[in-house]
Amino acid sequence: MIDILCSLTYLSCGRVVTPLFQKLLSASDADLTLSRLVIPKKCAEAYFPRLSGPHKIPINILDTDGKEWNFHFRFWPNSRSKMYVLEGLRDYMVSKKWQAGDVVTFYRIEPGQKLVMG
DNA sequence: AGCCATGCACCG
DNA sequence: CGGTGCATGGCT
């Protein structure tokens with residue numbers, strides 16, 4: 001996981017975004033059967049919607065082409081902590097040909113808090 | 001201390 | 001018997 005300095009950026013689709021963080025995809029992140037992405041805890045709590053309990057919430061995220069994707073965001077209770085995951089990525093992973101070792105970058109559309117993943 | 005990659009029990 | 005939902009353990 002790599003933190004990024006906050007600097008406004010234009011995506012190829014024309015949107016103005018702030019880069020938030022990147023993640024190097026692990027083998028399990030890239031596993032099509034699991035089709036879920038572990039979100040580093042500090043990034044999840046800083047940039048993702050607040051979760052009031054251990055239930056998934058729907059979350060709409062754009063890719064860098066501006067296409068909308070519907071995922072679910074939740075955490076797993078873990079012995080005295082939490083692990084945050086983004087679920088339902090199967091179609092996205094197939095479409096983007098995600099592989100372990102790839103890097104995914106999260107952005108926030110400015111102004112607002114809508115997320116972009118690409 | 002505790003994150004996070006992955007193991008794995010158990011439920012349908 | 002494939003996936004969910006959490007546990008485990010290597011690592012820092």
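Residues numbered from 1 in each chain as written. Chains lettered and ligands numbered in written order. Predicted model: local features only at pLDDT ≥ 70, side-chain atom pairs only at ≥ 80, totals over all residues. Heavy atoms only, no water.

Turning our eyes to something else, we now look at the protein's contact with DNA strand C. Within the structure, DNA strand C sits among Thr 33, Leu 34, Arg 36, Arg 74, Trp 76, Pro 77, Asn 78, Ser 79 and Met 83. When atoms of DNA strand C within 4 Å of the protein are sorted by moiety, sugar and phosphate together comprise 42%. Between DNA strand C and the protein, one listed contact pairs a base oxygen with a side-chain N or O atom of Arg 36 at 3.1 Å. Arg 74 has a polar side-chain atom sitting 2.8 Å from a phosphate oxygen of DNA strand C. For the surface near DNA strand C, the element with the most residues is strand β6 (residues 68-78), which contributes four residues. Counted by class, the surface near DNA strand C contains four nonpolar, three polar and two charged residues. (Near = heavy atom within 4 Å. Polar contact = N/O pair within 3.5 Å; in protein donor to acceptor, adjacent residues only side chain to side chain. Helix = DSSP H or I, 4+ residues; strand = E, 2+ residues; numbered from the N terminus. Nonpolar A, V, L, I, M, F, W, Y, C, P; charged D, E, K, R; others polar.)

Let us look at the UniProt feature "domain: TF-B3" (unreviewed entry) in chain A. UniProt marks residues 22-118 with the feature "domain: TF-B3" (unreviewed entry), using the numbering shown here. Across residues 22-118, helical content stands at 14% and strand content at 42%; the span's end C-alpha atoms are separated by 9 Å. (UniProt positions renumbered as here; feature names shortened; annotations may be inferred.)

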